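So the chains spell out like this:
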Amino acid sequence: MARRKFDKQFKSSAVKLILEEGYSVKEVSQELEVHANRWDSLFQEVEEYGESAFPGNGTALANAQHKIKLLEKENRYLQEELELLKKFRVFLKRSK
């Protein structure tokens, strides 16, 4: 059996039914045919990312990984720049 994929709108609407409309997890799980264990991760994403939860294919992980890659790239650049400044400082001390 293939794993079902849900889009952002479906996930957001389902979480709102539970958090804002007052339906129980059991009621929504049965109605939408989604296993009750699935809700914990959806609640965590909404709690952590708010409106930006469920981007792209429905996971905030992709955004987090992209941000990490950008920060790693910036970190490498800043480290290289720092090394260059250190070398320049040594050069200035020699020329005095």
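Below or above, wherever it landed, is the structure these notes cover. This is a predicted model, so every value here is computed, not measured. (Residues numbered from 1 in each chain as written. Predicted model: local features only at pLDDT ≥ 70, side-chain atom pairs only at ≥ 80, totals over all residues. Heavy atoms only, no water.)

1. A look at the side chain of Ser-29
- Mapping Ser-29 onto the fold places it in helix H2 (residues 25–32).
- Beyond its immediate chain neighbours, meaning those up to four positions away, Ser-29 contacts Val-34, His-35, Ala-36 and Trp-39. (Helix = DSSP H or I, 4+ residues; strand = E, 2+ residues; numbered from the N terminus. Contact = heavy atoms within 4.5 Å.)

2. Details of helix H3 (residues 39–49)
- Those residues of H3 that sit buried are Trp-39, Leu-42, Phe-43 and Glu-45. Around the axis of H3, the buried residues are gathered within 160° of arc, so they sit on the same side. Counted as exposed and oriented over 90 degrees from the buried face of H3: Asp-40, Gln-44, Glu-47 and Glu-48.
- As for H3, its buried residues are in contact with helix H1 (8–19) and H2.
- Once H3 ends, the next one or two residues include Gly-50, with phi positive near 60°. (Buried < 20%, exposed > 50% of the residue type's maximum accessible area, 1.4 Å probe, protein only. Arc of directions from axis to C-beta.)

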